[in-house]
Amino acid sequence: MAARYEEPNRAANTAIRWLAELGISIAGTRALRVRGRKTGKSRAVVVNLLTVDGVDYLVSPRGNTQWARNVRAAGVVELGPRWRGERARAGEVDDAAKPELLRRYLARWYWQVKDYVGGLTPEFSDEQLLAAAPTIPVFALTR
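The rules we used
- Residues numbered from 1 in each chain as written.
- Predicted model: local features only at pLDDT ≥ 70, side-chain atom pairs only at ≥ 80, totals over all residues.
- Heavy atoms only, no water.
- Helix = DSSP H or I, 4+ residues; strand = E, 2+ residues; numbered from the N terminus.
- Buried < 20%, exposed > 50% of the residue type's maximum accessible area, 1.4 Å probe, protein only.
- Contact = heavy atoms within 4.5 Å.
- Areas by Shrake-Rupley, 256 points an atom, 1.4 Å probe, with all protein chains shown as cover.
- Pairing = 2+ DSSP bridges.
- Axes fitted to C-alpha atoms, helices over the stretch in contact; angles between N-to-C directions.
- Core = buried A, V, L, I, M, F, W, Y, C linked by side-chain atoms within 4.5 Å.
- Expected span 1.5 Å × (residues − 1).
- Arc of directions from axis to C-beta.
- Phe/Tyr/Trp six-rings, centres within 6.5 Å; stacked < 30°, edge-to-face > 60°.

Asks: Can you walk me through the overall build of the chain in this structure?
Replies: Secondary structure assignment for the chain yields four helices and six strands. When its helices and strands are written in sequence order, the chain yields α-β-β-β-α-β-β-α-α-β. Per-residue burial over the chain gives 43% buried out of 143 residues. Once local pairs closer than 6 in sequence are excluded, the contacts in the chain between residues at least 24 apart make up 67%. In the form shown here, the chain has an accessible surface area of approximately 7600 Å², with 51% of it arising from carbon and sulfur atoms.

Asks: Which parts of the structure should I look at to understand the sheet that holds strand β6 (residues 138-142)?
Replies: Hydrogen bonds between backbone atoms are what pair the strands of a sheet, whose relative direction is either parallel or antiparallel. Taken together, six strands build a closed barrel; the order of strands is β1-β2-β3-β6-β5-β4 and the barrel is antiparallel. The average undirected angle you get between the axes of adjacent strands in this sheet is 45 degrees. Helix α2 (residues 66-74) rests against β1 (29-35), β2 (42-52), β3 (55-59), β4 (76-79), β5 (86-92) and β6 of the sheet, and its axis sits at about 55 degrees to β1. Taken strand by strand, helix α3 (residues 98-113) contacts β2, β3 and β6, and its axis lies near 110 degrees from that of β2.

Asks: So what exactly am I meant to see when it comes to the environment of Arg 104 here?
Replies: As for its placement among the helices and strands, Arg 104 is situated in helix α3. On the accessibility criterion, Arg 104 (37% relative accessible area) is partly exposed. Sequence separation between Arg 104 and Val 52 is 52 residues, and the spatial gap between their C-alpha atoms is 8.4 Å. Setting aside chain neighbours within four positions, we find Arg 104 in contact with Leu 50 and Val 52.

Asks: I tried to follow the nonpolar core on my own but got confused; where do I start?
Replies: Within soluble globular proteins, side chains that are nonpolar tend to cluster in buried spots. Membership of the largest hydrophobic core comes to 18 residues, with the highest contact counts inside it found for Leu 50, Tyr 57, Val 59, Leu 101, Leu 120 and Val 138. Of all elements in the fold, only β2, β3, α3 and α4 (126-132) reach the threshold of two or more residues within this core. Here the element with the most residues in this core is α3; it accounts for six residues. Those residues within four positions of Val 59 in sequence are excluded, and the remaining contacts are Leu 50, Trp 67, Leu 102, Tyr 105, Ile 136, Pro 137 and Val 138. Counting residues in hydrophobic clusters, the runner-up holds 15 residues, among them Leu 32, Val 47, Val 71 and Val 77.

Asks: Is there a simple way to explain α3 in this structure?
Replies: An α-helical turn contains 3.6 residues, so any two residues separated by three or four positions project in the same direction. For α3, with 16 residues, the first-to-last C-alpha span of 17 Å runs short of the 22 Å given by 1.5 Å per residue. The complete set of buried residues in α3 reads Lys 98, Pro 99, Leu 101, Leu 102, Arg 103, Tyr 105, Leu 106, Trp 109 and Val 113. Considering only its buried residues, α3 is in contact with β2, β3, α4 and β6.

Asks: Got a minute to help me understand α2 in this structure?
Replies: Buried residues of α2: Trp 67, Ala 68, Asn 70 and Val 71, and no others. One face of α2 carries all of its buried residues, which in axial projection span an arc of 160 degrees. Packing partners of the buried residues in α2 comprise β1, β2, β3, β4, β5 and β6. Following α2 by one or two positions, Gly 75 adopts a phi angle in the positive range, close to 75 degrees.

Asks: Got a minute to help me understand the packing of aromatic side chains in this structure?
Replies: Scanning all chains against the criterion turns up two aromatic pairs. Ring plane angle 50 degrees and centroid distance 6.4 Å describe the contact between Trp 67 and Phe 139, whose orientation is recorded as tilted. Here Trp 67, found in helix α2, pairs with Phe 139, found in strand β6; they are 72 residues apart in sequence, far enough to count as distant. Judged by relative accessible area, Trp 67 falls into the buried class, the value being 13%. Relative to Trp 109, the ring of Tyr 105 has its centre 5.0 Å away and its plane inclined at 50 degrees; by these criteria the two rings are tilted. Separated by four residues within a single helix, Tyr 105 and Trp 109 lie in helix α3, roughly one turn from each other. Exposure class is identical for Tyr 105 and Trp 109. Each is buried.

The following block contains the structure:
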């Protein structure tokens, strides 16, 4: 996987994560907790949960982020508010399956992620999205 990582805005991320932890979703945000691969401590971040044909997906538009590396290592995540979080197994999606998922993700959240998806847009062709796929981790969730 190509190493691409866009640093988040910590202040905005903290405020939105706080709301997500309370169960307040802004445009599809959800609280994600995953065990840290180095410390073993629970790490929290806010994500946009993409649902396609009844399957939930986590997309890391900023690239190979800390939370994506932690999900890859742990294989299990918890979504939702702390008091009623749902555990799910997370398996990484093959690059060949990513173009349609990325297109749907960008169609829904392009306004939010446009500055850190490497110039991708929802109108890109399958070939262009496939070329970018190795730089954007995507995980399928099973409960």
